[in-house]
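# Understanding the architecture of this molecule
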Amino acid sequence: MSFNFLFRTITRDLAKVNTCHLQSLHTGLQLLAADKSLLMKLRKNTGYTFINCKKALMKFDNDMAQAETWLNEQAQKEGWNKANKLEGRKAKEGLIGLFMGDKAAVMVEVNCETDFVARNEKFQQLVKEVALATLAHHRNKTQSQGGYVKSVLVGDELNKLSLEAGASLSDRVALTIGRLGENLSVRRAVAVGVPVEWNIGSYVHGGVSGQTEVAMGRYGALVVFQGGEEGAQEVLGRKLGQHIVGESPVSLGNMDDLPCGESETRLLPQTFLGDPSLTVAQFLKGQQARVLDFVRFQCGETASEEAK
């Protein structure tokens, strides 16, 4: 009897253990399913790796907000570490970004190591942020000034720019380096503002599809001009921009300058790209317009090429 009693007791206890184990396993599976849902959402929101997102959720008991903040902080630290390691590597690829505002425009150059990264959405987002930050800086700096205003930014002036989120441009560049794994640099930026009666023309060559707010490509030009047929100034500005990109003038020249052949580097006496029978000056006279200033950027050009 005692043996039978002992056998029944053991059998009953084992049944309880199995039941508890199955319940625990079932609950654990539900928890894993919830974790997976949060994990997928966090990865989609941030773009960070599966492993890092999982680590963040585990660290903060599935609190999405805290996990995302922590991921950004870690990425910023990692970005600065990578930026320091990659600092000496050449970055000659990249994009020119051009933004047209109300009687104002900006053009920027952001460099990377490979064309592959230049096509990446995160890199293009950086180009956009640099352009908009440059325009905001220009407007704040020149809001009390009238007439034609031109701002050229390089080096520390660019790195200290503030973005919409309050971060510095240098921090954003480091963060993007951490995400893309290539050396990146914001090389230069120019912003122009004109009075009501003046116009700004623009052109970007080798454009990036899908970018509407900030035009992007390998070459870019801004041209400041007066006159032109009412309602046709945008087309005129584009034609002038195309010429500046294609013929690479380095100075303006005068309307009565005589051309000196194919080696001509002054804009006005150059043969007009849109009509080889005319010089740029002759084309402008026919349009009752005159060019006052221009800027041309070529991505990755050397200082000597830039000065030509």
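The protein chain is annotated in an unreviewed UniProt entry as Elongation factor Ts, mitochondrial from Champsocephalus gunnari. UniProt, in its Sequence similarities (unreviewed entry) section for the protein chain, records the words "Belongs to the EF-Ts family." Taken directly from UniProt, the Function (unreviewed entry) text for the protein chain runs: "Associates with the EF-Tu.GDP complex and induces the exchange of GDP to GTP. It remains bound to the aminoacyl-tRNA.EF-Tu.GTP complex up to the GTP hydrolysis stage on the ribosome."

## Overview of the pattern of salt bridges
Per the counting criterion, the structure on display carries 11 salt bridges. Glutamate 109 is the salt-bridge partner of arginine 187, the closest N and O atoms lying 3.6 Å from each other. Note that arginine 187 is positioned in strand S4 (residues 185-193) and glutamate 109 in strand S2 (residues 104-112), a separation of 78 residues in sequence. Taking relative accessible area as the criterion, arginine 187 reaches 25% and is therefore assigned partly exposed.

## Looking at the sheet that holds strand S7 (residues 219-227)
Taken together, the three strands give an open sheet; going across it, the order is S5-S7-S8, and neighbouring strands pair in antiparallel fashion. The open sheet has two edge strands with one neighbour each: strand S5 (198-205) and strand S8 (289-298). In this sheet, adjacent strand axes meet at a mean angle of 15° when their direction is disregarded. Strand direction decides the pairing type here: S7 and S8, joined by nine bridges, are antiparallel. Opposite glycine 227, over in S8, you have alanine 289 as the bridge partner. The sheet strands contacting helix H8 (residues 233-247) are S5, S7 and S8, and the helix crosses S7 at an angle near 135°.

## A few points about the pairing of S4
Burial runs high along S4: seven of the nine residues are buried. Relative to S4, S2 is paired through eight bridges, and the arrangement is antiparallel. Across the sheet, the residue bridging to valine 110 is valine 186, located in S4. In terms of strand pairing, strand S3 (residues 149-154) meets S4 through six bridges, oriented antiparallel. Within S4, the position partnered with leucine 153 by the bridge is alanine 189.

## A few points about the packing of aromatic side chains
Across all of its chains, the model carries three aromatic pairs by this definition. The ring of phenylalanine 297 carries arginine 188 above its face, with NZ or CZ at 4.0 Å from the centroid.

## Observations concerning the nonpolar core
In terms of nonpolar packing, the biggest core is built from 31 residues, with Val110, Phe123, Leu169 and Leu184 touching the most fellow members. Sort the elements by how many residues they give to this core and helix H5 (residues 121-142) lands first, with seven residues. Setting aside anything within four residues of it in sequence, one finds phenylalanine 123 in contact with Gly94, Leu95, Val110, Asn111, Cys112, Val117, Ala118, Leu180 and Leu184. Judged by nonpolar contacts, the second largest core, of 18 residues, contains Val223, Leu268, Phe272 and Ala289.

## Focus on the sheet that holds strand S1 (residues 93-100)
Strand order in the open sheet formed by five strands is S3-S4-S2-S1-S6, with antiparallel pairing between adjacent strands. Both outer strands of the open sheet, S3 and strand S6 (215-217), are each paired with one neighbouring strand and no more. Sheet twist, expressed as the mean angle between neighbouring strand axes with direction ignored, is 15°. In the sheet, S1 pairs with S2 via eight bridges, with the strands oriented antiparallel. Opposite methionine 100, over in S2, you have alanine 105 as the bridge partner. With respect to the sheet, H5 is in contact with S1, S2, S3, S4 and S6, its orientation differing from that of S2 by roughly 140°.

The rules we used
Residues numbered from 1 in each chain as written. Predicted model: local features only at pLDDT ≥ 70, side-chain atom pairs only at ≥ 80, totals over all residues. Heavy atoms only, no water. UniProt positions renumbered as here; feature names shortened; annotations may be inferred. Salt bridge = Lys/Arg side-chain N within 4 Å of Asp/Glu carboxyl O. Helix = DSSP H or I, 4+ residues; strand = E, 2+ residues; numbered from the N terminus. Buried < 20%, exposed > 50% of the residue type's maximum accessible area, 1.4 Å probe, protein only. Pairing = 2+ DSSP bridges. Axes fitted to C-alpha atoms, helices over the stretch in contact; angles between N-to-C directions. Contact = heavy atoms within 4.5 Å. Phe/Tyr/Trp six-rings, centres within 6.5 Å; stacked < 30°, edge-to-face > 60°. Lys NZ or Arg CZ within 6 Å of the ring centre and 35° of its normal. Core = buried A, V, L, I, M, F, W, Y, C linked by side-chain atoms within 4.5 Å.

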